[in-house]
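Chain by chain, the residues run as shown.
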Amino acid sequence: MENFKKSFIEVSFPVKEVSEQSAREKNIRHGHISTLHIWWARRPLASSRATSYAALIPPPEDKLAWNNTRNFIIELSKWENTSNPHIINKARENIKKANDGRTLRVLDPFGGGGSIPLECLRLGLETYTGDYNPVAVLILKCTLEYPQKFGKPGEVLVEEESFGIKESKIKKVDNILVEDLSRWGEFVLNEARKEIGKFYPSDPDGSIPVGYIWARTIPCQNPACGAEIPLMRQFWLAKKENKKVALRPYVENGRVEFKIVGQNEPFPKDFNPEKGTVARAIATCLVCGSTTDDRTVRRLFQEGKSGERMVAVVLHNPTKGEGKFYRLSTEKDVEIFRQAEKYLETKRAQLMEQWGFDPVPDEDLDWNTLKQRDILRYGLKKWGDLFNSRQKLALITFVEKVRKAYEIMIKQIKEAKDSTSPTSPSLCLRDEEYAKAVVSYLAINVSRNADKNSTLCRAISQTEAIGFTFSRQALAMIWDYIEQNLFEHPSGWLTNLKETTLNVENFSFNSKSFVKTISFSATSLPFENNYFDAVFTDPPYYDNVNYAELSDFFYVWLKRTVGDLYPDLFATPLVPKSKEIVANPIRQGSPEKARIFFEENLKKSFQEIYRVLKPNGIATIVYAHKSTSGWETLINSLLDSGLVVTASWPIDTEMKVRLNAQETASLASSIYLVARKVKREPMGWINQVKEEIRKHINQKLEQLWKEGISGADYFIAAIGSSIEIFGKYEKVMDFEGKTIRADRLLEFVREIVTDYAVRQLLHNGIAGELSALTRFYLLYRWTFGEARVHFDDARKLAQSTGVDLEKEWNKGFIQK
């Protein structure tokens with residue numbers, strides 16, 4: 001292999017400052033990539049941009065230049081500088097200057113949500129990316145390809161009204177794609193409103209319903225009662241500091257009724273809205289007081305004995321400007337819903353005959369998945385079952401109007417080609433590919449509205465907003481939900497459209513950089529050997545996110561909207577799963593088979609990265625997984641691929657409080673591993689390698705401690721550092737002739753970190769005098785706080801302090 005000159009990231013990196021920018025970015029919505037379409041575990045733009053840049057420039061030779069480079073990387077990572085031409089152009093120039101004026105060619109084989117390739121494109125690099133998941137590929141096309149190809153200045157035709165007379169005029173605009181997307185998005189909204197707006201009528205006083213609160217119901221199982229139990233986890237409608245409104249249940253004539261308190265009627269002193277009628281699937285009847293156990297509740301759902309009840313309506317009156325307010329649902333509200341239900345039957349039949357397939361997703365949910373099993377246990381068997389009748393009607397109507405918009409665009413394009421008129425309505429619809437781009441964004445808008453308008457959407461009382469279907473990386477059963485009025489809700493169609501157009505504006509760099517998005521498997525890349533100067537990627541994290549099964553939710557709607565425009569992407573009934581690199585014990589047969597499958601396929605993808613990377617090329621691989629098993633498989637896959645880790649940095653990529661972090665030991669950091677194609681030493685003996693690791697890790701641990709890295713992130717960062725030494729050898733042997741793999745390496749690393757961390761925590765060097773249990777207690781609390789963790793992770797931490805966890809069960813502070 002050729003020798004290489006070290007890059008800046010292999011010597012230093014402003015971890016703390018870039019971490020602050022990355023974590024801060026999670027709270028930014030306006031124009032951020034996350035508002036184009038949901039994608040799980042998407043990397044921050046700040047860290048993606050900063051690490052890619054730092055990997056492609058050399059370390060300076062003098063201290064002044066060193067500080068200038070470091071400060072520039074910090075400035076480059078800031079959100080407000082994403083579109084700063086001075087900063088971005090300087091970054092592009094610096095990369096070119098460092099690489100003999102060449103435009104570097106880079107690849108992200110796990111494109112996913114598009115953060116890394118977007119930042120590569122922003123840095124002026126020739127960018128290639130793709131994904132095995134068709135939903136990801138469509139998102140990548142809308143994030144990368146279409147804005148570069150079509151997001152340019154030009155002329156559009158607009159209609160202006162003067163004294164009641166409409167005139168068509170040519171208007172020069174900065175971005176024709178943004179203009180046309182806005183125009184066609186409003187066309188879709190208006191067409192849908194004309195047809196189904198009547199099913200969301202305003203109140204007589206002009207108040208507009210923006211949402212409807214529903215409760216699922218089951219019959220009480222007490223033979224002497226049989227009352228309907230409205231399943232509600234709690235009764236709050238608004239729970240703000242200056243606004244507290246709730247539903248108060250009461251029993252009348254053997255039925256649970258409600259009144260609204262806190263709005264026009266004061267709160268009763270003895271009423272606690274926190275306590276609902278259902279918790280952990282155990283339901284309590286408010287009429288007779290009896291409870292129904294969780295198994296029976298699930299059985300009632302499976303047998304079709306559950307129902308749902310509209311409880312309240314969320315309103316807004318634009319003339320009063322008082323924000324949202326509430327009223328109880330009426331028989332008229334229910335009757336309008338029934339009318340929508342009947343209209344759905346008619347429209348569904350018409351569209352099925354017209355299109356040749358059911359407009360409502362009739363594909364089965366898959367029992368061979370991890371993240372859908374909860375809702376499957378409640379009898380929700382098809383993807384269409386996740387929506388009530390009016391939600392289905394709204395979504396299929398928007399699908400139909402998007403398809404209609406495309407038909408009109410194509411018709412206008414044909415007319416324009418035959419016309420010599422300079423004022424053709426299709427002035428900027430230059431070809432079918434442009435129409436396909438516009439309609440793809442509209443399809444993504446439909447997909448996003450499905451996420452905001454299913455029966456798995458929770459009403460968030462603290463903000464009076466809608467919790468989307470994917471508030472977390474799973475499909476969890478929701479007892480009471482909010483149905484959105486897509487025409488009027490603050491997060492409805494028009495808001496999504498504005499966010500989409502703002503994204504397109506931000507993604508349109510008008511640069512001459514080349515970008516290509518392809519559908520492929522990372523284990524078999526469609527590129528020749530030594531093709532790329534750099535590979536920057538974010539591979540799957542063991543079993544963290546089951547992308548394929550989660551994205552089925554969106555796939556079924558996208559397929560109905562633009563499936564015929566992307567026949568290669570939407571050829572299968574659901575998202576392909578057989579080659580997805582995720583450890584899924586249900587799909588793969590057992591936890592051990594899942595581990596082997598993941599390790600083998602991740603190794604193949606790393607071998608492919610090795611193959612397509614130039615001899616002096618560089619790779620950064622992002623990884624974040626809290627379980628030891630996840631790290632063991634990553635390390636083994638890396639070692640077997642031939643890639644050698646030359647540096648590693650923990651960068652804080654998560655918000656400090658996340659929904660799934662409340663009771664689990666979630667990581668705040670991702671580890672950015674820097675790797676090269678370098679010649680490895682054939683063999684190392686374990687004692688020699690241990691000494692090298694000890695010396696290297698102690699230096700790195702001191703640096704990380706000063707950076708403020710702590711807890712689980714500290715251990716994970718140390719693992720990254722150990723791979724730098726361990727990976728220099730093709731194999732590491734002990735004196736019995738056994739090959740040392742990742743599990744043995746990690747045990748040793750834990751011992752070093754444990755000893756170092758205890759000494760740092762106590763500040764007095766008495767670590768050696770502490771009992772094993774005391775050391776374990778200190779490290780557990782420092783690492784995990786009061787969180788519950790998987791047994792294996794706790795066992796291995798205990799093992800590094802000399803504690804046998806199984807012998808300590810329930811004897812003191814260690815609870816099983």
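Given the structure is predicted, the values throughout are model-derived calculations rather than measurements.

Undergrad: What's the story with the pairing of strand 20 (residues 613–623) in this structure? I'm lost.
TA: Consecutive side chains along a regular strand alternate between the two faces of the sheet. With eight of its 11 residues buried, strand 20 lies for the most part within the structure. Summarising the sheet, strand 19 (residues 532–537) and strand 20 pair through five bridges and their orientation is parallel. Across the sheet, the residue bridging to valine 535 is alanine 619, located in strand 20.

Undergrad: Help me understand the layout of surface pockets, please; the structure alone is not making it clear to me.
TA: Unoccupied space between atoms shows up once a probe the size of one water molecule is rolled over them. Its boundaries defined by the atoms lining it, the second largest pocket holds a volume of some 680 Å³. As for the second largest pocket, its lining consists of 30 residues, of which Trp214, Gly307, Glu308, Arg309 and Tyr481 are closest to the centre. Broken down by secondary-structure element, the contributors of at least two residues to the lining of the second largest pocket are strand 5 (208–219), strand 9 (255–261), strand 13 (307–316), helix 9 (331–355) and helix 11 (389–418). Broken down by element, the residue count for the lining of the second largest pocket peaks at five residues, all from strand 13.

Undergrad: Would you take a moment to explain the packing of helix 1 (residues 15–25) against helix 2 (residues 45–55) for this structure?
TA: Packed helices, taken two at a time, are described by the angle their axes make and the gap between the axes. One can describe the packing of helix 1 onto helix 2 by two numbers: an axis separation of 7 Å at closest approach and a directional angle of 145°. Facing helix 1, whose interface residues are Val18, Gln21, Ser22 and Glu25, helix 2 presents Leu45, Ala46, Ser47 and Ala50. A class-by-class count of the residues in the contact of helix 1 with helix 2 yields four nonpolar, three polar and one charged.

Undergrad: I keep staring at empty space enclosed by the protein and nothing clicks. Help me out?
TA: Summed over the entire model, instances satisfying the criterion amount to four cavities of 30 Å³ or more. Its boundaries defined by the atoms lining it, the largest cavity holds a volume of some 350 Å³. Mapped by element, the contributors of at least two residues to the lining of the largest cavity are helix 5 (115–122) and helix 14 (547–562). The element contributing the most residues to the lining of the largest cavity is helix 5, with three residues. Taken together, the residues of the lining of the largest cavity sort by class into 18 nonpolar, seven polar and seven charged.

Undergrad: Could you clarify how one ought to interpret the sheet that holds strand 8 (residues 243–252) in this entry?
TA: In any sheet, the strands associate via hydrogen bonds between backbone groups, in a parallel or an antiparallel arrangement. Taken in spatial order, the three strands make up an open sheet running 7-8-9, and their pairing is antiparallel. Looking at strand neighbours, the two that pair on one side only are strand 7 (236–240) and strand 9, the edges of this open sheet. Neighbour-to-neighbour, the strand axes of this sheet turn through a mean angle of 25°, independent of strand direction.

Undergrad: What is the right way to look at the nonpolar core in this model?
TA: Nonpolar side chains tend to gather and get buried jointly when the protein is soluble and globular. By size, the foremost hydrophobic cluster in this structure holds 122 residues, and its most contacted members are Trp40, Phe398, Leu442, Trp479 and Trp493. Top contributing element to this core by residue count: helix 11, with 12 residues. Grouped together as the second largest cluster of nonpolar side chains are 98 residues, Ile9, Ala55, Leu76 and Leu673 included.

Undergrad: Please clarify how helix 21 (residues 772–784) should be interpreted in this entry.
TA: Because an α-helix packs 3.6 residues into every turn, residues spaced three or four apart end up facing the same way. If you check helix 21, its first and last C-alpha atoms are 18 Å apart, about what 13 residues at 1.5 Å a residue would give, namely 18 Å. When helix 21 is considered as a whole, its buried residues turn out to be Arg775, Phe776, Leu779, Tyr780, Trp782, Thr783 and Phe784. Directly after helix 21, the chain includes glycine 785, whose backbone phi takes a positive value near 65°.

Undergrad: In this structure, what is going on with the packing of helix 2 against helix 3 (residues 63–77)? I would like to understand it.
TA: It is at 8 Å that the axes of helix 2 and helix 3 come closest, and there the two elements cross at 145°. In the packing of helix 2 onto helix 3, the handedness of the crossing is right-handed. Packed against helix 2, whose contacting residues are Ala46, Arg49, Ala50, Tyr53 and Ala54, the element helix 3 presents Phe72, Ile73, Leu76 and Ser77 at the interface. Taken together, the residues of the contact of helix 2 with helix 3 sort by class into seven nonpolar, one polar and one charged.

Undergrad: So what exactly am I meant to see when it comes to the side chain of glutamine 484 here?
TA: Among the structural elements, glutamine 484 can be located in strand 17 (residues 480–484). Given the relative accessible area of 0%, glutamine 484 is considered buried. The contacts of glutamine 484, once residues within four sequence positions are left out, are Tyr200, Val210, Asn449, Lys452, Asn453, Ile466, His489, Ser491 and Gly492.

Undergrad: Is there a simple way to explain the sheet that holds strand 10 (residues 278–279) in this structure?
TA: Read from one edge to the other, the open sheet built from three strands follows the order 10-11-12, with strand pairing classed as antiparallel. Looking at the sheet topology across the chains shown, the edges are occupied by strand 10 and strand 12 (291–292). Inspection of the sheet shows strand 10 paired to strand 11 (residues 282–284) by two bridges, in the antiparallel sense. When the sheet's bridge partners are listed, valine 278 is paired in strand 11 with alanine 283.

Undergrad: Please clarify how the state of the cysteines should be interpreted in this entry.
TA: Where two cysteines share a covalent bond between their sulfur atoms, that bond is called a disulfide. In this structure the tally under the stated criterion is zero disulfides. Summary of cysteine pairing: cysteine 285 is not part of a disulfide, and the nearest cysteine sulfur, belonging to cysteine 225, is at 3.8 Å. A relative accessible area of 2% places cysteine 285 in the buried class.

Undergrad: Quick question: what am I supposed to make of the side chain of threonine 217 here?
TA: With respect to the helices, strands and loops of the structure, threonine 217 is situated in strand 5. The class for threonine 217 is buried, based on a relative accessible area of 5%. Sequence-distant contacts of threonine 217, that is, excluding residues within four places in its chain, are made with Glu228, Ile229, Pro230, Leu231, Lys305, Ser306, Gly307, Glu308 and Arg309.

Undergrad: Please explain the packing of aromatic side chains as it appears in this structure.
TA: Two aromatic rings, taken as a pair, are described by how far apart their centres are and by the angle between their planes. On inspection of all chains with the given rule, the structure shows 41 aromatic pairs. Between tryptophan 39 and tryptophan 40 the ring centres are 5.1 Å apart and the planes differ by 55°, which places this aromatic pair in the tilted class. In terms of burial, tryptophan 39 and tryptophan 40 fall into one category: buried. Each ring, one from phenylalanine 527 and one from phenylalanine 532, has its centre 5.0 Å from the other, and the planes form 85°; the classification is edge-to-face. Linked through ring pairs, Trp39, Trp40, Trp383, Phe387, Phe470, Tyr547, Phe553, Phe554 and Trp557 together constitute an aromatic cluster. Directly above the ring of tyrosine 212 sits arginine 390, whose terminal nitrogen or CZ lies 4.2 Å from the centroid. When the ring centre of tyrosine 610 is taken as reference, the NZ or CZ atom of lysine 677 above it lies at 4.8 Å.

The rules behind each value
Per chain, residue numbering runs from 1 following the sequence as it is written. Only residues with pLDDT of at least 70 get local features here, since the model is predicted, and only at 80 or more are side-chain atom pairs given and counted; chain-wide, interface and lining totals rely on the full set of residues. Hydrogens and water molecules were not included; the side-chain quantities draw on all heavy atoms of the structure. The classification of residues rests on relative accessible area computed with a 1.4 Å probe and restricted to protein chains. Under 20% of the type maximum is buried, over 50% is exposed, and intermediate values are partly exposed. The way it works is that DSSP assigns letters per residue, a run of H or I at least four long becomes a helix, a run of E at least two long becomes a strand, and they are numbered from the N terminus. In this description, strands pair whenever DSSP reports at least two bridges between them. Points on a 1 Å grid over protein atoms alone make up a cavity when a 1.4 Å probe fits among them but cannot get out, and a pocket when they form an open set with protein on both sides within 12 Å along at least five of seven lines; lining residues each have an atom within 4 Å of a point. Grid points are joined across faces, edges and corners, and a volume is the space filled by probe spheres set on the points. Comment: axis = line fitted to C-alpha atoms, over the contacting stretch for helices; angle = value between 0 and 180 degrees taken between N-to-C directions. A contact between two residues is defined here by any heavy atoms of the two lying within 4.5 Å. Residues are sorted three ways: Asp, Glu, Lys and Arg are charged, Ala, Val, Leu, Ile, Met, Phe, Trp, Tyr, Cys and Pro are nonpolar, and all the rest, Gly among them, are polar. Joining through side-chain atoms within 4.5 Å is the link that ties buried Ala, Val, Leu, Ile, Met, Phe, Trp, Tyr and Cys residues into a set, and such a set is a nonpolar core. The span you would expect from a helix comes to 1.5 Å times its residue count less one. Less than a right angle of anticlockwise turn of the near helix away from the far helix marks a crossing as left-handed, whereas a clockwise turn marks it as right-handed. Working definition: a disulfide is two cysteine sulfur atoms within 2.5 Å of each other. Only centres within 6.5 Å qualify two rings of Phe, Tyr or Trp (six-membered ring in Trp) as a pair; their planes then separate them into stacked at under 30 degrees, edge-to-face at over 60, and tilted for everything else. Two limits define a charge over a ring: the Lys NZ or Arg CZ must be within 6 Å of the ring centre, and within 35 degrees of the ring normal.

These values are about where atoms sit, not about what they do.
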